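Residue-level structural notes
Chain by chain, the residues:
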Amino acid sequence: MPGWLEAAWWGFVAGGALLVGAAVGWYVAVPARIIAWVMAFGAGVLISALSFDLMDEAERTGGLAATAVGFIGGASAYVAANAVLARRGAAHRKRSGDQQPSEAQSKGSGAAIAIGALLDGIPESVVLGVTLIDGSGVGVAVLAAVFISNLPEGLSSAAGMKTAGRGRGYVFGVWGTITVLSSMAAMIGYLTLDGASPFLVAVITAVAAGAILAMVADTMVPEAFQRTHLLTGLITTLGFLVAFAIERAA
């Protein structure tokens, strides 16, 4: 299978977890506490993956300077974009309760939430494509981290969208589109960075890592803490440990 096609496939698989989670959130009344537990676990998984895979790989590939520049740049870009979207109604896009505004309450919030969901998913997908460049196959730890974290994200967000009065067509249209775009992002990441300089690959990898960490801190942990409170740290730690074990076993 050509590398670009393999990248597209794994991007689709990882992004598809969002769609699966959304289906569960729409059709099954999952208790908010369970959603929060899974969200905390997913946060730990992502933190482990970006620490031991993305940042480590970026530093070994392009050096500490390139990694630091990309990491800060990715986090800054995410926070700036997230702030703009939050003012337009997407601040609580990952919340499963009644925090999400309806279209009547905040005109344009539906589009902002959709764009915000895309903003959350693209960095992860690009990284999946990058892990295939060396020809050794997809990064198993990164793939597992993205898939595991996407399930509660889709579940929680879809439940919140339903509570806000958004229709089934909107919900599945958003997550279906993001699944396709995740596939495309992984493919583009592979095609554009295959043969690129180690410095550029390191910067892009670190950009994604910075964006992911900012996303975890700004959206996933707050949703988890709202329900799990003092257990958040322990559940996040368990997620971190599972992802670390997968990375070491891969």
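The name given to the chain in an unreviewed UniProt entry is ZIP family zinc transporter, with Mycobacterium adipatum as the source organism.

Here the focus is the packing of helix α2 (residues 32–62) against helix α8 (residues 232–249). Closest axis-to-axis distance for the α2/α8 pair is 7 Å, and the angle between their directions is 45°. With respect to α8, the axis of α2 lies oblique. Where α2 crosses over α8, the handedness of that crossing is right-handed. Taking contact as the criterion, the partners of Trp37, Ala40, Phe41, Ala43, Gly44, Val45, Ile47, Ser48, Phe52 and Asp53 in α2 are, on α8, Thr232, Ile235, Thr236, Leu238, Gly239, Phe240, Val242, Ala243, Phe244, Glu247 and Arg248.

As a further point, take the packing of α2 against helix α7 (residues 198–228). Contact pair α2 / α7: the axes reach a minimum separation of 8 Å and the direction vectors enclose 160°. As far as their axial angle goes, α7 and α2 are roughly antiparallel. At the point where α2 passes α7, the crossing takes the left-handed sense. Class assignment for the residues of the contact of α2 with α7 results in 26 nonpolar, five polar and three charged.

What counts and how
- Residues numbered from 1 in each chain as written.
- Predicted model: local features only at pLDDT ≥ 70, side-chain atom pairs only at ≥ 80, totals over all residues.
- Heavy atoms only, no water.
- Axes fitted to C-alpha atoms, helices over the stretch in contact; angles between N-to-C directions.
- Helix = DSSP H or I, 4+ residues; strand = E, 2+ residues; numbered from the N terminus.
- Parallel < 35°, antiparallel > 145°, perpendicular 65-115°, else oblique.
- Left-handed = near helix turned anticlockwise from the far one by under 90°.
- Contact = heavy atoms within 4.5 Å.
- Nonpolar A, V, L, I, M, F, W, Y, C, P; charged D, E, K, R; others polar.

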